[in-house]
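# What the coordinates show
Below are the chains, spelled out letter by letter.
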Amino acid sequence: MERYVALLRGININGKNKIQMGELAEGFHSLNFQEVKTYLNTGNVIFSCFENDTATLRHQIESMIKSNFRLDIPVFVIPIVELEEILHCAPRWWGNKDKEMYDNLIFMIPPATFSEVYDTLGQPNIVLESIENVKNAIFWSFNRERYQKTNWWSKTISSTVAKSLTIRSANTVRKLIKM
């Protein structure tokens, strides 16, 4: 059995796309997933199963959410082992406890690619933000106080690729691999 993380995009934000974590966990159990745990209220689910195709898992989870909650929620699924490998490749500037910076990991929901994301969002403001692509994730850090002046901040929410992205903080990602 392999451990996975499912990251749901855009739930329980500003009163939209509400899903109770207990009900979400029940939905994962209904798919015969084992060792289901949720973390925070933003759609982070850790689970185990025998299926090894993330596209199949993503489809099953998205279908369950549509059936159980009447919501079309994009889902990103990744084996814990692969997430650990991505974190092992983190650039030195990411997650180094610099209080002026806010560190995130952007996950690209297939079929989105880094080229598509970069072409849509454009070059980051090199004075205020840094990015680095590793596999199907983008390490992204930006200045906490001047985030509204970054090039990527508003675009990750409102661009044409926004629904193909789900973002988690460095702290959240690190906790997910330890659960």
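Residues numbered from 1 in each chain as written. Predicted model: local features only at pLDDT ≥ 70, side-chain atom pairs only at ≥ 80, totals over all residues. Heavy atoms only, no water.

Bringing the environment of Val173 into the picture now. By secondary structure assignment, the location of Val173 is in helix H6 (residues 170-178). A relative accessible area of 1% means that Val173 is categorised as buried. Sequence separation between Val173 and Thr54 is 119 residues; the distance between their C-alpha atoms is 18 Å. Every residue in contact with Val173, bar those within four places of it in the chain, is listed here: Leu83, Leu87, Leu105, Phe107 and Arg168. (Helix = DSSP H or I, 4+ residues; strand = E, 2+ residues; numbered from the N terminus. Buried < 20%, exposed > 50% of the residue type's maximum accessible area, 1.4 Å probe, protein only. Contact = heavy atoms within 4.5 Å.)

Before going further, it helps to examine the packing of aromatic side chains. Enumeration over the complete set of coordinates arrives at 13 aromatic pairs. Geometrically, the ring pair formed by Phe28 and Phe33 is tilted, given 5.8 Å between the ring centres and 55 degrees between the ring planes. Exposure remark for Phe33: the relative accessible area of 3% places this residue in the buried category. Ring centres of Trp140 and Trp152 lie 6.3 Å apart, and the angle between their planes is 45 degrees; this geometry places the pair in the tilted category. Taken together, the positions of Trp140 in strand S7 (residues 137-143) and Trp152 in the loop between S7 and helix H5 (155-158) put the pair twelve residues apart, joining distant regions of the chain. Given the relative accessible area of 0%, Trp152 is considered buried. Counting every residue linked through ring pairs, the aromatic cluster contains Tyr102, Trp140, Phe142, Tyr147, Trp152 and Trp153. (Phe/Tyr/Trp six-rings, centres within 6.5 Å; stacked < 30°, edge-to-face > 60°.)

What follows deals with the pairing of strand S5 (residues 101-108). Consecutive side chains of a regular strand alternate in pointing toward one face of the sheet and then the other. The buried fraction of S5 is high, at seven of eight residues. Bridging between S5 and S7 involves seven bridges; their strand directions are antiparallel. Following the sheet pairing, Tyr102 is matched in S7 by Phe142. As paired elements, S5 and strand S8 (residues 165-169) share five bridges and run antiparallel to each other. The residue of S8 that forms the bridge with Leu105 is Arg168. (Pairing = 2+ DSSP bridges.)

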